[in-house]
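Descriptive structure summary
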Amino acid sequence: MATERYNPRNCEPRWQTAWDEAGLFAARNDDPRPKYYVLEMFPYPSGRIHIGHTRNYTMGDVVARYRRARGYNVLHPMGWDAFGMPAENAAIQNNIHPKAWTYDNIATMRTQLKMMGLSLDWSREFATCDVDYYHRQQVLFVDFFEKGLVARKTSKVNWDPVDHTVLANEQVIDGRGWRSGAPVETRELAQWFFRITDYADDLLQSIEGLDEWPEKVRLMQRNWIGRSEGLLIRWPLVDGTAPAGESELEVYTTRPDTIFGASFMAIASDHPLARKAAEGNAELAAFIEECRRMGTSVAALESAEKKGFDTGIRVRHPFDADWTLPVYVANFVLMDYGTGAIFGCPSGDQRDLDFANRYGLPVVPVVMPHDADAASFQITEEAYVDDGVMINSRFLDGMRPAEAFEAVADRLAGETLNGRPMGERRVNFRLRDWGISRQRYWGCPIPMVHCQACGVVPVPKADLPVTLPEDVDFSQPGNPLDRHPTWRDVACPTCGGAARRETDTMDTFVDSSWYFARFTAPQENDPTDRAAANAWLPVDQYIGGIEHAILHLLYSRFFTRAMRDTGHLDLAEPFKGLFTQGMVVHETYRAGDGRWLAPSEVRVSGGEGGRSAVEIETGQPVTIGGLEKMSKSRKNTVSPEEITDSYGADTARWFMLSDSPPERDVEWTDDGAAGAHRFVQRVWRLVGEAAPGLAGVAPAAAHDGAAAAVSKAAHKALKAVGEDIERLAFNRAIARIHELVNALQGPAGALGGDAALAPALRQALEMLVHMIAPFMPHLAEECWAALGGTDLVAARPWPEHDPALVVDDEIVLPVQINGKKRGELTISRAADQVTVERAVLELDFVRRALDGAAPRKVIVVPQRIVNVVA
RNA sequence: GCCCCUGUGGCGGAAUUGGUAGACGCGACCGACUCAAAAUCGGUUUCCGCAAGGAGUGCCGGUUCGAGUCCGGCCAGGGGCACCA
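Before going into details, it helps to say that this report is about the structure given with it. (Residues numbered from 1 in each chain as written. Chains lettered and ligands numbered in written order. Predicted model: local features only at pLDDT ≥ 70, side-chain atom pairs only at ≥ 80, totals over all residues. Heavy atoms only, no water.)

Focus on the sheet that holds strand β8 (residues 228-236)
This is how it is decided: Two strands form a pair only when DSSP identifies at least two bridges running between them. Helix numbering and strand numbering both begin at the N terminus, where a helix is a DSSP run of H or I of at least 4 residues and a strand a DSSP run of E of at least 2. A fitted line through C-alpha atoms represents every axis, and for helices the fit uses only the stretch in contact; the resulting angles, taken between N-to-C directions, go from 0 to 180 degrees. Only heavy atoms enter the contact rule, under which two residues are in contact if any of them lie within 4.5 Å.
Spatial strand order, β9-β8-β18: 3 strands in an open sheet with antiparallel pairing. Across the chains shown, the open sheet's two edge strands, defined by having one partner strand only, are β9 (248-253) and β18 (423-428). The average angle at which neighbouring strand axes cross in this sheet is 30 degrees, direction not considered. Relative to β18, β8 is paired through 6 bridges, and the arrangement is antiparallel. Considered in β18, the bridge of Ile233 is made with Gly423. Packed on one face of the sheet, helix α12 (residues 401-414) meets β8 and β18 and runs near 45 degrees to β8.

Some points on a negative patch on the surface
For the record, the criterion: Patches draw on residues past 30% relative accessible area with no salt bridge. Two like charges within 9 Å are joined, as are two nonpolar side chains (Val, Leu, Ile, Met, Phe, Trp, Tyr) within 5 Å. Using the Shrake-Rupley algorithm and a 1.4 Å probe, accessible areas are obtained, with residue cover drawn only from the displayed protein chains. Between Lys or Arg on one side and Asp or Glu on the other, a salt bridge is scored when a side-chain nitrogen of the former is within 4 Å of a carboxyl oxygen of the latter. Charge assignment: positive for Lys and Arg, negative for Asp and Glu; neither His nor the chain ends contribute. Every charge is mapped onto a representative atom, which is NZ of Lys, CZ of Arg, CG of Asp or CD of Glu. Each residue is assigned to one of three classes by its accessible area relative to the maximum for its type, calculated with a 1.4 Å probe on protein chains only: buried under 20%, partly exposed between the two thresholds, exposed over 50%.
A surface patch of like charges, here negative, comprises Glu642, Asp645, Asp670 and Asp671. Of all elements in the fold, only α18 (640-646) and α20 (670-694) reach the threshold of two or more residues within the negative patch. On the secondary structure map, Asp671 appears in helix α20. On the basis of relative accessibility, which here comes to 66%, the residue Asp671 falls in the exposed class.

Things to note about the protein's contact with RNA strand B
The criterion, for reference: The nearness test applies per residue and asks whether one of its heavy atoms lies within 4 Å of the molecule or strand. Throughout this description, a polar contact denotes any pair of N or O atoms lying within 3.5 Å of each other; where both atoms belong to protein, one of them has to be capable of donating a hydrogen while the other can accept it, and for residues adjacent in sequence the pair is counted only when both atoms sit in side chains.
The environment of RNA strand B is formed by 63 residues, the closest being Asn169, Arg440, Arg732, Lys821 and Asn867. Near the protein, meaning within 4 Å, the atoms of RNA strand B are sugar or phosphate in a fraction of 65%, with bases accounting for the rest. Within the side chain of Gln439, an N or O atom sits 3.0 Å from a base nitrogen of RNA strand B. Between RNA strand B and Arg664, the relevant distance is 3.4 Å, taken from a phosphate oxygen to a side-chain nitrogen or oxygen of the residue.

Regarding the side chain of Ser155
You can see Ser155 is positioned in strand β3 (residues 150-160). Residue classification places Ser155 among the buried positions, given a relative accessible area of 19%. For Ser155, the side chain forms a polar contact with the side chain of Gln191, separated by 3.0 Å. Residues within four places of Ser155 in sequence aside, it is in contact with Arg187, Glu188, Leu189, Gln191 and Phe193.

Some details on the packing of helix α1 (residues 8-22) against helix α24 (residues 777-786)
Our working definition: Any angle between 65 and 115 degrees counts as roughly perpendicular, while under 35 counts as roughly parallel, over 145 as roughly antiparallel, and the rest as oblique. Classes in brief: Ala, Val, Leu, Ile, Met, Phe, Trp, Tyr, Cys and Pro nonpolar; Asp, Glu, Lys and Arg charged; the others, Gly included, polar.
One way to put it is that α1 packs onto α24 with a least axis distance of 9 Å and a crossing angle of 90 degrees. Here α1 lies roughly perpendicular to α24, going by the angle between them. Mapping the contact onto sequence places Cys11, Glu12, Arg14, Trp15, Gln16 and Trp19 in α1 and Pro777, His778, Glu781, Glu782 and Ala785 in α24. Among the residues forming the contact of α1 with α24, the class breakdown is 5 nonpolar, 2 polar and 4 charged.

A short note on the nonpolar core
Nonpolar side chains tend toward joint burial in soluble globular proteins. Note the threshold: The criterion is simple. A nonpolar core is a set of buried Ala, Val, Leu, Ile, Met, Phe, Trp, Tyr and Cys residues joined through side-chain atoms within 4.5 Å.
Of all hydrophobic cores here, the largest spans 170 residues; its most connected members are Phe194, Tyr515, Phe559, Ile737, Leu765 and Phe775. Ignoring any residue separated from it by four or fewer positions in sequence, one finds Leu765 in contact with Leu686, Val687, Ala690, Leu694, Leu744 and Leu787.

Focus: the pairing of strand β24 (residues 498-501)
Pairing between strand β21 (residues 448-451) and β24: 3 bridges, direction antiparallel. Following the sheet pairing, Val449 is matched in β24 by Arg501. Relative to β24, strand β23 (residues 489-491) runs antiparallel, the two sharing 3 bridges. When the bridges of β24 are listed, Asp489 appears paired with Arg500. Linking β23 to β24, which pair antiparallel, is a turn of 6 residues; within it Gly496 sits at a positive phi near 80 degrees.

Focus on the environment of Asp349
Counting through the fold element by element, Asp349 comes out in the loop between β13 (341-344) and α11 (350-359). With relative accessibility at 30%, the residue Asp349 sits in the partly exposed group. The spatial distance from the C-alpha of Asp349 to the C-alpha of Tyr384 is 7.1 Å, given a sequence separation of 35 residues. In this structure the side chain of Asp349 is engaged in a polar contact, spanning 2.9 Å, whose partner is the backbone nitrogen of Arg351. A polar side-chain atom of Asp349 sits 3.0 Å from the main-chain amide nitrogen of Asp352.

With respect to unusual backbone geometry
Omega for the peptide link from Leu464 to Pro465 comes to 5 degrees, which places this bond in the cis form. Mapped onto the secondary structure, Pro465 falls in the loop between β22 (455-458) and α13 (480-483). Residue Pro538 is bonded to the preceding Leu537 through a cis peptide linkage, with omega at 0 degrees. Topologically, Pro538 is positioned in the loop between α16 (530-536) and β26 (539-545). You will see that Asn95, though not glycine, has its phi angle at about 55 degrees, which is positive. Within the secondary structure, Asn95 sits in the loop between α3 (85-94) and α4 (98-115). Even without a glycine there, the phi angle at Asn818 is positive, about 55 degrees. Relative to the helices and strands, Asn818 is located in the loop between β34 (810-817) and β35 (820-828).

Things to note about the pattern of salt bridges
What the rule picks out here adds up to 54 salt bridges. The closest approach of N and O atoms between Arg564 and Asp565, which form a salt bridge, is 2.9 Å. Classification of Asp565 by relative accessible area gives partly exposed; the value is 26%. A single salt-bridge network, built from bridges that share partners, covers Arg234, Glu248, Glu250, Arg420 and Glu424.

Things to note about the side chain of Gln681
Its place among the elements puts Gln681 in helix α20. If we ignore the near neighbours within four places in the chain, the residues touching Gln681 are Arg5 and Tyr6.

Side note on the sheet that holds β34
An order of β35-β34-β37-β36 is seen for the 4 strands of this open sheet, with the pairing classed as mixed. The two strands at the open ends of the sheet, each matched to only one other strand, are β35 and β36 (857-861). Averaged over all pairs of adjacent strands, the angle between strand axes in this sheet comes to 20 degrees, irrespective of strand direction. Contacts between helix α25 (residues 833-842) and the sheet are confined to β34, β35, β36 and β37 (865-869), with β35 contributing the most and set at about 125 degrees to the helix.

Structural notes on the pairing of β35
For β34 and β35, the ladder comprises 8 bridges, and the chain directions are antiparallel. When the bridges of β35 are listed, Gln816 appears paired with Lys821. Connecting the antiparallel pair β34 and β35 is a turn made up of 2 residues, with Asn818 showing a positive phi of about 55 degrees.

Structure, rendered in structure tokens:
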């Protein structure tokens, strides 16, 4: 009997309604079962969902559905990271209000997400641009401020001198403003900072406990925090060379052992000494100006050509009053790290060596390999950075660098300059405080007031929220809040006099640093319901892109600590398990005139080395480009509708998790989607055709006879699929399910004869339905109904496997001779090492290989392999 | 420039974490069914070789009875670098 094709377009909305009506996915805070919080990084509402987004949410959904089946009270919420620059750009370009643009996008994207059949708790949804949300963020800011976790300092921004606006690093292209094309300048602005450095040591040490995070992310965070132990050295300035009032230069170094290899000092272009020196030196001032035009991005600074300028200032060597060294301003020294000044030791650092070679400075080797000859050891083009022996270093000669470090530190601690020790041991962090001020409209207003009389004061909590005005003008560049006719004017909360609101808004990273906590009680009047936050947090499984490995995750870790210290919750680490997934990529298409074309506008033909494409509308040939991350600008996006309309959500879900391991990129291909859909139909046929013969049959495992193969296949797959889902190895789980379907195909067509087959097959199919349910929930429901089920699979528990059915009595051991596989041995699983060894030596090919001689060694790895060493 | 990651058939990838390299899928080819096509089902598919056999996990070297997996050195591609989110 022919089974009708499965029609997702009819079935999927029906089951989505059934789940909704049963209220299966709304998590209750008073549920007594153990909790499980699974969260995908929430999306920025850029316009439309593309298939890349849905991969992320599908992974979370598989975990959520699996954990529900395992008896957990699952929290799986969704929201919108809704503040940010693109909304303002849309306002400028298309004359649409950022708020309207954002909420329109959210509405579109919510509809798209709902088509995917995700088991989300929509009752907890919010957007970070909702007043209700940013109101509580302002409360947190005020609490942090009162706790001393907020600082006001100056920092540098990219300044567009034509548009008179601050530019994001992304808006600086090759040193020029993206709209005006003018070379950018660096400006100092007073800004708000969160004191994340107060937690530097804790954030570093606690990485140790994040054992469910990828090792690479932990490493990146460690390096980012960048704890180092070094020495602060005060170098005396040579009288007559230094600007008035300056008598020393502070340098932080992690290599004080190389102090006798020093040949120059280098200071940042915005170092106070550089500024003073430039006052009477036009050429130096011009050089500093040039440095300022590089913008504020570290990547741009450090990859630029290394340049320096001799200030004319000289320092005296701490261990030799007759030894003077020049002080350069260098474009690669950062004011933000250490003291903004270094001493250069060319022989021990490649960058210093390149600098010395460029400016004709001495190169004295001070560390050499243990086996080198001190008299002839030289450094010319390549610095020696490894461990070794000190040379040319007076009292340090013969020591190892680590000993020399201590010796220099001890000696300089005893010398004084201007009443302070010349050397002090210091722990330094690379991590800087988090600057959160943005000179933009579409963000959370910073709830502070500037009063002439009282200074800067926070807005009282009773007066919060400070809401964004809606009547704003985007016709000119810059922050519309600055130009608003009335919004800035406010009475000082302290003295009642005329005062001005802060017009900067918060970095959008602030919004995403605590949304996971808000989800635990999104209606609460306070930022959190402390009991709910403590009960649900930490997030058990957090899933998102590797691009967030450092900033977002580090900021969230800081925020959780700051919220703990201001009484909003009682834990330090927000994310117990972290998974970083890969992107969905697609090849790109370009018409002859350079236009990018969407996959839907192109017809691709041919295979095997000769793929070609034409534009459907014009029939003109199209250039096929490389695989790239799906993006609007390249038009290489595939929308979920394109798939759900023809194949259904289950096919899209299945395909996105097949093949590629979730942490790696996956290429979206039409063939792959079609293949996934064939599997959907295959499962449907398998169940549909067997169902009539299984009506009224009670499921039962078969332990003997031919039907046992069916039970063994099912129980083995069930165990493996559960384990794979727990390890987030979705591609392997899917391969297992394929194998099971392959194994069941034959028996399903051969019902009758063996009386044990029908119960075994029924059980196997029921297990199969539960295994596919996290991946293809709609199909699972349809199959379950076909088998006579009257409840929802989404509400059913995960089946249990029988341990007796997942082990085989006989095993096949590969047999190697000298490490190369030459054959196999089939033997009882219970056989001991001696029995295995004896059986192996009896094998024909082994006897032939040994040719009568005794083996030198036989290595038996139990249940794995045998290696005969001849 | 600095930090981190990845590299396996025509393609995506698997390999119980040092133990049979290529599971599973895609594509391709052959066959069955069909008047025919689609759909479906069965088979073949790392490379060289008729075969026996040999080679093989980006490249070079090392450790080991045994290396895709560990170590050293390269090459190529990707992510991040603090105002993209």
